[in-house]
Amino acid sequence: MPRLVVISNRVAVPKARGVAGAQGGLAGALNAALKANGGIWFGWSGQETSDFTGSINYVRSADGVTTATIDLEPQDVEEYYNGYANSTLWPLFHYRIDLTKFEREFGKGYERVNERFADSALPLIEKEDQVWVHDYHLLPLAERLRSLGLTNKIGFFLHTPWPPTNLFVSLPYHERLVRAMLHYDLLGFQCDAWLESFLHYCWKELGATVDYQTGEIDLDGKKTIARAYPIGIDYEFFSSKIDTPEADAAQQRLIASTRNRTAMIGVDRLDYSKGLPERLDGISRFFDRHPSRVRDLVYIQIAPPSREDIGSYQDIRATLEQKAGQINGAQSDVDLVPVRYVNRGYSQEELVGFYRASKIGLVTPLRDGMNLVAKEYIAAQDPEDPGVLILSRFAGAAQQMDCGGEGALLINPHSADDLAHNINLALDMPLAERKTRYEKLIATVRDENVQRWTENFIADLSEIAR
Ligand code: F6P
């Protein structure tokens, strides 16, 4: 098996340098891939330096993964990370053209940092290595690496949605960006919907020949393969947390504090793509429609802040504080607070305990590449008394977790009525139906796990001839 070099914006750097490390599904997924194949994980340290030197900081972790990181200049962070990646591509890829910033300086910073990544990563890559690049921060990286003479196989995986062509063309130089992406040998997307949008763009805007069956894109004789690889969780690792004292303590803590009310939980980075204001509107609608049920339900929203230097993230935080306050103002009693809104993160063990104590899981993004919280919620459930997952039909996860209408309850996250109705269904769902749905869902979560995702992607990359 060739060695793997993973390149992504963030790296799960051990805390040695005082860096927090990556958050979210990407970190867990990539650690698992590197543990299986051996190799290097290269990216930004999360730290700033006044002068970019390209010098690399190496950390070898106990589980045999070497991380190699560079520091970036403040201007890089502003234009590339806060700018093009998170104020241009992120909103646009999540269909939020209203929040998308089109600033020339952001584009320049993005290209500069991609060049810096390529220059710094190149010496780390050995002849037989396979290179696997991740996410929207690094769309043009393969083109830069090729221009420096790298001939190794390079794959790319996009963790976010890919937007419909008529939204994507709003991006200045959209053709240049996608032509650069076609320097990858293999392009991976989370689900068929995002893959089809990408293939459609290549056909319509670039005039490429596209085979929807095989995913082959032929542009002037240069071939690239694009396919869907739905990411999963590290099921064994995650479920091994269930029997830990921390998970048990967290579960008991939530059960004790909610007494005989049903706990309903949402865990999301504080991001406008997650549909949190719309979710609170749906919960408010539920309480308005069923006043007698205010004492049946307590909602716990865990929302650790994210990308706090960006205005749209500051706005969403203010909106949520106001909405949570409004619901509690209207529905609370001296002995009752229906919405617990928490702006901090918890350990994986604690989350397992909270998920297990919660008989309803709410995952209602307006748009999401996949959403691993949906899968973790299911993995944490008690098979004898499982909870119900309410899932947005606009999350990539819906493709796998619908289970022919017998898995998650799929909703339109923009409709307060739809959410309110499904909360009511979930609260009353008989044990037998909860179990049937859970069994279908757990089979998917267990089998379509992160190891399979990695194996499938790497096997396809290995098969491609160069
Ligand atoms: O899933 C998209 C993503 O950008 C990941 O790449 C990242 O791990 C996560 O969201 C958290 O975002 P950030 O690195 O901007 O804090």
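Residues numbered from 1 in each chain as written. Predicted model: local features only at pLDDT ≥ 70, side-chain atom pairs only at ≥ 80, totals over all residues.

A. Here's a closer look at the domain arrangement of the protein chain. Domain parsing of the protein chain yields domain 1 (4-232 + 450-463) and domain 2 (235-447). Between the C-alpha centres of domain 1 and domain 2 the distance comes to 30 Å. For the side of domain 1 that touches domain 2, the secondary-structure elements that each account for two or more residues are helix H2 (74-93) and helix H7 (192-206). At three residues, the largest contribution of residues to the side of domain 1 that touches domain 2 is made by H2. (Domains from an automatic or database assignment. Helix = DSSP H or I, 4+ residues; strand = E, 2+ residues; numbered from the N terminus.)

B. The arrangement of the sheet that holds strand S13 (residues 339-342) in detail. With parallel pairing, the six strands of this open sheet are ordered in space as S13-S12-S11-S14-S15-S16. A single partner strand is all that each edge strand has here, and the edge strands are S13 and strand S16 (409-411). Mean inter-strand twist for the sheet, computed between neighbouring axes without regard to direction, equals 20 degrees. Strand direction decides the pairing type here: strand S15 (residues 388-392) and S16, joined by three bridges, are parallel. Its bridge partner lying in S16, isoleucine 390 is registered against leucine 409. (Pairing = 2+ DSSP bridges. Axes fitted to C-alpha atoms, helices over the stretch in contact; angles between N-to-C directions.)

C. Local environment of the packing of helix H9 (residues 245-258) against helix H12 (residues 348-357). Contact geometry for H9 and H12: axes closest at 7 Å, N-to-C directions at 40 degrees. The orientation of H9 relative to H12 falls into the category oblique. Here H9 runs over H12; the crossing is right-handed. Contacts between H9 and H12 involve Glu246, Ala247, Asp248, Ala249, Ala250, Gln251, Leu254 and Ile255 from the former and Glu349, Glu350, Val352, Gly353, Phe354, Arg356 and Ala357 from the latter. (Parallel < 35°, antiparallel > 145°, perpendicular 65-115°, else oblique. Left-handed = near helix turned anticlockwise from the far one by under 90°. Contact = placed C-beta atoms within 7 Å.)

D. Just the sheet that holds strand S8 (residues 209-211), in detail. Here ten strands make up an open sheet; going across it, the order is S3-S4-S2-S1-S5-S6-S7-S10-S9-S8 and the pairing mixed. A single partner strand is all that each edge strand has here, and the edge strands are strand S3 (57-60) and S8. Going across the sheet, the axis of each strand differs from the next one's by a mean of 20 degrees, ignoring polarity.

E. Representation of the nonpolar core. Core analysis: the biggest nonpolar cluster contains 137 residues, and Ile7, Ala374, Leu389, Ile390 and Leu391 have the highest contact counts within it. It is H2 that provides the largest number of residues to this core, a total of eight residues. For this core, the two domains that each supply at least three residues are domain 1 (4-232 + 450-463) and domain 2 (235-447). When neighbours within four sequence positions are excluded, isoleucine 7 is seen to be in contact with Phe42, Gly43, Phe117, Ala121, Val131, Val133, His134, Leu138 and Leu141. (Core = buried A, V, L, I, M, F, W, Y, C linked by C-beta atoms within 7 Å. Buried ≥ 20, exposed ≤ 12 C-beta atoms within 10 Å, placed from the backbone.)

F. Structural detail: the pairing of strand S4 (residues 66-72). In terms of residue burial, S4 counts as a mostly covered element, since six of its seven residues are buried. By the bridge criterion, four bridges tie S3 to S4 in an arrangement that is antiparallel. The residue of S4 that forms the bridge with arginine 60 is threonine 66. Counted along the chain from S3 to the antiparallel partner S4, the turn is five residues long, and its residue glycine 64 has a positive phi close to 85 degrees.

G. The arrangement of the confidence of the model for the protein chain in detail. Mean pLDDT over the protein chain works out to 94, with 96% of the residues at or above the 70 mark. Below pLDDT 50 for its whole length, residues 16-24 participates in 17 contacts with residues either more than four positions away or in separate chains. Among the scores for the predicted complex, ipTM is 0.94 and pTM is 0.95. (pLDDT = per-residue confidence, 0-100.)

H. Spotlight on the environment of isoleucine 233. Residue placement: isoleucine 233 occurs in the loop between strand S10 (222-228) and helix H8 (235-239). Take isoleucine 233: there are 25 C-beta atoms within 10 Å of it, and that puts it in the buried class. Linking isoleucine 233 and glutamine 451, residues 218 residues apart in sequence, is a C-alpha distance of 8.2 Å. Beyond its immediate sequence surroundings of up to four residues, isoleucine 233 is in contact with Phe238, Leu372, Lys375, Glu376, Ala379, Val445, Asn449 and Val450.

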